[in-house]
Amino acid sequence: MTTTVTTDRGVRTRGLTRFFGTGDAAVHALKGIDLDIASGELVVILGPSGSGKTTLCNILGGIDQATAGEVVVAGDDISSRDPGTLSDFRRDHVGFIFQFFNLIPTLTARENVEVIIEMTGRGDKTRVPDLLDAVGLGDRMDNFPAQLSGGQQQRVAVARALATDPDILFADEPTGALDLPTGRQILGLLQDLHHQGRTVIIVTHNVSVAQIADRVVTVVDGRVESSEVNANPAAAADVTW
């Protein structure tokens, strides 16, 4: 499998560096990362706590900015964008799923998805029922978060991330707050999206999640330690941890 970026749903970094703080107190979170993710790949970025994997995800997704280096995502060079245009980039190109669902408790599942469309001006609110139906919540769309299980809330978060039809979907520890059966369901949704041709990047410390990946990129101490193709990705239903 090649990892050369050939379309506008891929990722390319060169010399990606990120410092936090200054002087003797500076933390060198990323130390010159070179990375290519091809359009349509399902990549797991794996590493222990403090390895820099979430910092890398946040830079690729336009939440944070690199201190130095080149970052091209979905054909867009975001290396030196200002915060305002980074916001435009996030709106136009990426979707995020987080470990903690970040749903608005006073809004129903349907409204939690609709609000991202209203905020970004992207997407079609008439598609929201279809999105919720696709993640198995067609009969729960008018329930509030407190009336949903953790797995159901994460499914709402998946539907919300898809509402703007992003080029690339980032998932940061998407199974971290879930039990095994529910975690498998969420991984299954991500795998389905990948099979539909979407680029999916999962960030996790959980080695088991790597079983579903096309490729596993291991980050240790701010560097890419390895990048290994998975010749036979497992079905999400077979993942164990």
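Residues numbered from 1 in each chain as written. Predicted model: local features only at pLDDT ≥ 70, side-chain atom pairs only at ≥ 80, totals over all residues. Heavy atoms only, no water.

Trainee: Help me understand the packing of helix α3 (residues 109-120) against helix α5 (residues 150-162), please; the structure alone is not making it clear to me.
Mentor: Two numbers describe a pair of packed helices, the interaxial angle and the distance between the axes. Packing of α3 against α5 leaves a shortest axis separation of 8 Å and a crossing angle of 25°. Taken together, the axes of α3 and α5 are roughly parallel relative to one another. In terms of crossing hand, the pair formed by α3 and α5 is right-handed. Facing α3, whose interface residues are A109, N112, V113 and I116, α5 presents V156, A159 and R160. Across the contact of α3 with α5, the residue classes tally to five nonpolar, one polar and one charged. (Axes fitted to C-alpha atoms, helices over the stretch in contact; angles between N-to-C directions. Helix = DSSP H or I, 4+ residues; strand = E, 2+ residues; numbered from the N terminus. Parallel < 35°, antiparallel > 145°, perpendicular 65-115°, else oblique. Left-handed = near helix turned anticlockwise from the far one by under 90°. Contact = heavy atoms within 4.5 Å. Nonpolar A, V, L, I, M, F, W, Y, C, P; charged D, E, K, R; others polar.)

Trainee: For this particular structure, what's the right way to read α3?
Mentor: Owing to its 3.6 residues per turn, the α-helix aligns residues three or four sequence positions apart on the same side. Restricting attention to buried positions, one finds in α3 the residues A109, N112, V113, E114, V115, I117 and T120. Considering only its buried residues, α3 is in contact with α2 (83-93), α4 (128-134) and α5. Of the residues one or two after α3, G121 is the one with positive phi, at around 75°. (Buried < 20%, exposed > 50% of the residue type's maximum accessible area, 1.4 Å probe, protein only.)

Trainee: Can you help me understand the pairing of strand β1 (residues 11-20) in this one?
Mentor: Side chains on a regular strand alternate between the two faces of the sheet. The sheet contact formed by β1 and strand β2 (residues 27-37) spans eight bridges and is antiparallel. Bridge pairing in β2 links L16 to I33. Hairpin connection between β1 and β2: a loop of six residues separates the two successive antiparallel strands, and G21 in this loop has a positive phi of roughly 85°. (Pairing = 2+ DSSP bridges.)

Trainee: How should the sheet that holds strand β7 (residues 168-172) be read in this particular structure?
Mentor: Within a beta sheet, neighbouring strands are joined by backbone hydrogen bonds and run either parallel or antiparallel to one another. In space, the six strands of this open sheet follow the order β6-β7-β8-β3-β9-β10, with mixed pairing throughout. Looking at strand neighbours, the two that pair on one side only are β6 (94-98) and β10 (223-229), the edges of this open sheet. Adjacent strand axes in the sheet meet at a mean angle of 15° when their direction is disregarded. Strand direction decides the pairing type here: strand β3 (residues 42-46) and strand β9 (residues 215-220), joined by four bridges, are parallel. Bridging from a neighbouring strand, V44 pairs with V216 of β9. Contacts from helix α1 (residues 53-60) reach β3, β6, β7, β8 (199-204) and β9 within the one sheet, and its direction differs from that of β8 by about 150°.

Trainee: Is there a simple way to think about the confidence of the model for the chain in this case?
Mentor: Detail in the predicted coordinates should be disregarded across regions flagged by low pLDDT. Overall, the predicted model of the chain reaches an average pLDDT of 90, with 97% of residues at or above 70. Considering only residues more than four positions removed or in separate chains, one finds that residues 1-7, a stretch of pLDDT under 50, has 15 contacts. (pLDDT = per-residue confidence, 0-100.)

Trainee: I'm lost on the packing of aromatic side chains in this one. Help?
Mentor: Any two aromatic rings considered together are summarised by their centre-to-centre distance and by the angle between their planes. For the structure on display, the rule yields two aromatic pairs. Relative to F98, the ring of F96 lies with its centre 5.5 Å away and its plane at 5°, an arrangement referred to as stacked. When its relative accessible area of 29% is taken as the criterion, F98 is described as partly exposed. Ring geometry for F96 and F170: centres 5.3 Å apart, planes at 20°, overall stacked. Taken together, the positions of F96 in strand β6 and F170 in strand β7 put the pair 74 residues apart, joining distant regions of the chain. The pair formed by F96 and F170 is uniform in burial state, with each residue classed as buried. (Phe/Tyr/Trp six-rings, centres within 6.5 Å; stacked < 30°, edge-to-face > 60°.)

Trainee: Got a minute to help me understand the pattern of salt bridges in this structure?
Mentor: Once their charged atoms are close, side chains differing in charge can pair, the charge on each being opposite to the other. Applying the stated criterion across every chain yields a total of 13 salt bridges. Its salt-bridge partner being D36, residue R14 comes within 2.9 Å of it at the nearest N-O pair. Of this pair, R14 sits in strand β1 while D36 sits in strand β2, and the two are 22 residues apart along the sequence. In this structure, R110 and D142 form a salt bridge, with 3.3 Å as the shortest nitrogen-oxygen distance. Residue R110 is found in helix α3, and its partner D142 is found in the loop between α4 and α5; the two are separated by 32 residues along the sequence. Judged by relative accessible area, D142 falls into the partly exposed class, the value being 49%. Overlapping salt bridges, with partners in common, bring together K31, D221 and R223 in one network. (Salt bridge = Lys/Arg side-chain N within 4 Å of Asp/Glu carboxyl O.)

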